[in-house]
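Reading the structure
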Amino acid sequence: MKTIRLKTQSRTYEIKTGNKLLDSLGRFLKSPCFGQDAYIITNAALKRRYGARLGSALQSAGYSARFFLIPDSETSKSLNIASSVIKDLAAYDKNKRIFIVAFGGGVIGDVAGFIASIYKRGIPFIQIPTTLLAQVDSSIGGKTGVDLEAGKNLIGTFYQPALVLSDVQLLKSLDKRQLRSGLAEVIKYAAIMDAGLFRYLEKNIHRILESDLKAIEYVVGKCAGLKARIVQQDEKEQKGIRTILNFGHTIGHAIEAACCYKRYSHGEAIALGMLVSSDLSYKLGMLGKKAVQRIEKLIIKAGLPVKLNKVNPQSIIRAHYRDKKFIGRKNRFVLLSDIGRCKVRQNISLKAIRESLKKIL
Ligand code: GLY
């Protein structure tokens, strides 16, 4: 097991990564800081598979456990779902000291964290991420939120969990598409921050796709450490440091939006976005051709898409204007200067973006 200590202005907490951690959950909870009564937000499939184990891990350590199920889709990130959870939570909350447990992927983590941040002006919550994407990225760093029709994550808070427990054994049952989607974020970390991790992936990515838990444990621990390092320096994305975690996301989010969040998973869209950003980096003279090829090759090896299927590039351009990363009228792109090194650039011309979009058409 690896323990990473993440120290931010608002809270210091531990990220535990390793294999077979779930049954020992009680050991990692530090009452009274967490409360006494666990309110677990999850979905029906996860409750069927792990509910009994999670419940008994909590109860045997002296905590009560109540489950609330939300649908397993992006539509759960809505004010309506958040409000139905909060009503149930408030009705249940009599003579209790409640803490929330987000048991699921990115959607559950985001909505559960959001609820924890606004209920009674904030109650403790812990993240037990069950997808690769959530273990390497979304469960760490306190971004919470729900979507509006006008855009993703338009309502949200920065609210740090009290603990992140990433048990890679929970990933054993993930389907290949979910694994690949998480791998896109792993490739992102390697490309922007860690050339050594990039080389490791070039050699070992097949092991991750075969659900080799040793390899998965290694990358989850690595990425959690990298993310903690960034969040520690720029918790609320105000200094332009945390911004680098958006490599591939400006175009990736635009692809998701242009396809109404249906055709491509988040990771698949980010893979396409990373290809466009690498090509932009090359065309702007920042990155060598060989590095661009290595990134493309790794994305192919991960089984992620490298070409868009029947999407009008103009709809991507339109969607990219609504990106939260826009400052006034200026877009912002994270570009690479080498494998493992990146820079944030503003105001990239539409002509250059259109040219680089051709890479994935
Ligand atoms: N997923 C990017 C961030 O947490 O900042």
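Just so it is clear, the structure is predicted and the values come from calculations on it, not from any experiment.

1. Overview of the packing of aromatic side chains
Given two aromatic rings, one states the distance between the centres and the angle between the planes to describe the pair. As enumerated under the stated definition, the model contains seven aromatic pairs in all. Summarising the aromatic geometry, the rings of Tyr200 and Tyr218 are spaced 4.4 Å apart at their centres and angled 45 degrees between planes, so their arrangement reads as tilted. Placement of the pair is Tyr200 in helix α7 (residues 195-209) and Tyr218 in helix α8 (residues 213-233), with a sequence separation of 18 residues. Residue Tyr200 is classed as buried on the basis of its relative accessible area, which comes to 17%. Above the ring of Phe67, the side-chain terminus of Lys47 is found at 5.2 Å from the ring centroid. Above the plane of the ring of Tyr189 lies Lys188, whose end atom (NZ or CZ) is 4.6 Å from the centre.

2. Structural notes on helix α13 (residues 350-357)
Among the residues of α13, Ala352, Ile353, Ser356 and Leu357 are the ones counted as buried. All buried residues of α13 project into a common sector of 135 degrees when viewed along the axis, lining one side. Of the surrounding elements, those touching the buried residues of α13 are α9 (249-258), α10 (266-283), α12 (313-320) and β10 (332-338).

3. Some thoughts on the side chain of Ser265
When you line up the elements, Ser265 lands in the loop between α9 and α10. The exposure class of Ser265 is buried, given its relative accessible area of 19%. Discounting residues that sit within four places of it in the chain, Ser265 has contacts with Arg177, Ser181 and Glu256.

4. Brief notes about the site of the ligand
Every residue lining the ligand is accounted for by Asp137, Lys143, Lys227, Arg242 and Leu245. In this structure, Asp137 approaches the ligand through a side-chain N or O atom, which is 2.8 Å from a nitrogen atom. A distance of 2.9 Å separates an oxygen atom of the ligand from a polar side-chain atom of Lys143. The residue inventory of the shell around the ligand, partitioned by class, reads one nonpolar, no polar and four charged.

5. Side note on the nonpolar core
Across soluble globular proteins, you tend to see nonpolar side chains buried next to one another. Ranked by internal contacts, the top residues of the largest apolar core, which has 71 residues, are Leu132, Ile187, Leu197, Leu201, Ile216, Ile255 and Ile299. Per element, the largest residue contribution to this core is 10 residues, and it comes from helix α6 (residues 176-193).

6. Overview of the environment of Pro305
In this fold, Pro305 is placed in the loop between α11 (289-301) and α12. Distance in space between the C-alpha atoms of Pro305 and Arg180 is 9.9 Å, their sequence separation being 125 residues. With residues near it in sequence (within four places) discarded, Pro305 still touches Tyr264, Glu268, Ala271, Leu272, Leu275 and Ile299.

7. So, the sheet that holds strand β4 (residues 64-69)
In space, the seven strands of this open sheet follow the order β1-β2-β9-β6-β5-β3-β4, with mixed pairing throughout. If you trace the sheet from one side to the other, it starts and ends with β1 (2-7) and β4, each paired once. Along the sheet, successive strands turn relative to each other by an average axial angle of 20 degrees, direction set aside. As defined by bridge partners, strand β3 (residues 37-42) adjoins β4 across six bridges and the pair is classed as parallel. The residue bridging Ile41 from the neighbouring strand is Phe68, located in β4.

8. Structural notes on unusual backbone geometry
With a phi angle near 55 degrees, Asn95 is a residue other than glycine that sits in the positive phi range. Residue position: Asn95 is located in the loop between α3 (79-92) and β5 (98-104). According to the relative accessible area criterion, Asn95 is exposed, its value standing at 85%.

9. Some remarks on the side chain of Gln135
With respect to the secondary-structure elements, Gln135 resides in helix α5 (residues 132-138). Beyond its immediate chain neighbours, meaning those up to four positions away, Gln135 contacts Pro129, Ile140, Ser166, Asp167, Val168, Leu171 and Val220.

10. Section: the pairing of strand β8 (residues 151-158)
Pairing geometry for strand β7 (residues 143-148) and β8, over five bridges, is antiparallel. Paired with Leu148 across the bridge in β8 is Gly151. The antiparallel pairing of β7 with β8 creates a hairpin that spans two residues between the two strands.

11. Structural notes on the packing of α6 against α10
Two elements in contact, α6 and α10, have axes separated by 7 Å at closest approach and are oriented at 40 degrees. In terms of orientation, α6 and α10 fall into the oblique class. Where α6 crosses over α10, the two elements pack in a sense that is left-handed. Residues Arg177, Ser181, Ala184, Glu185, Ile187 and Lys188 of α6 pack against His266, Gly267, Glu268, Ile270, Ala271 and Met274 of α10. Looking at the contact of α6 with α10, its residues break down into five nonpolar, three polar and four charged.

12. Some words on the packing of α9 against α10
Two elements in contact, α9 and α10, have axes whose closest approach is 7 Å; the angle formed by their N-to-C orientations is 135 degrees. With respect to α10, the element α9 is oriented oblique. As α9 packs across α10, the resulting crossing turns out to be right-handed. Seen from α9, the contacting residues are His249, Ile251, Gly252, His253, Ile255 and Glu256; seen from α10, they are His266, Ala269, Ile270, Leu272, Gly273 and Val276. Within the contact of α9 with α10, the residues separate by chemical class into six nonpolar, five polar and one charged.

Reading the values: the criteria
- Residues numbered from 1 in each chain as written.
- Predicted model: local features only at pLDDT ≥ 70, side-chain atom pairs only at ≥ 80, totals over all residues.
- Heavy atoms only, no water.
- Phe/Tyr/Trp six-rings, centres within 6.5 Å; stacked < 30°, edge-to-face > 60°.
- Helix = DSSP H or I, 4+ residues; strand = E, 2+ residues; numbered from the N terminus.
- Buried < 20%, exposed > 50% of the residue type's maximum accessible area, 1.4 Å probe, protein only.
- Lys NZ or Arg CZ within 6 Å of the ring centre and 35° of its normal.
- Arc of directions from axis to C-beta.
- Contact = heavy atoms within 4.5 Å.
- Near = heavy atom within 4 Å.
- Polar contact = N/O pair within 3.5 Å; in protein donor to acceptor, adjacent residues only side chain to side chain.
- Nonpolar A, V, L, I, M, F, W, Y, C, P; charged D, E, K, R; others polar.
- Core = buried A, V, L, I, M, F, W, Y, C linked by side-chain atoms within 4.5 Å.
- Pairing = 2+ DSSP bridges.
- Axes fitted to C-alpha atoms, helices over the stretch in contact; angles between N-to-C directions.
- Parallel < 35°, antiparallel > 145°, perpendicular 65-115°, else oblique.
- Left-handed = near helix turned anticlockwise from the far one by under 90°.

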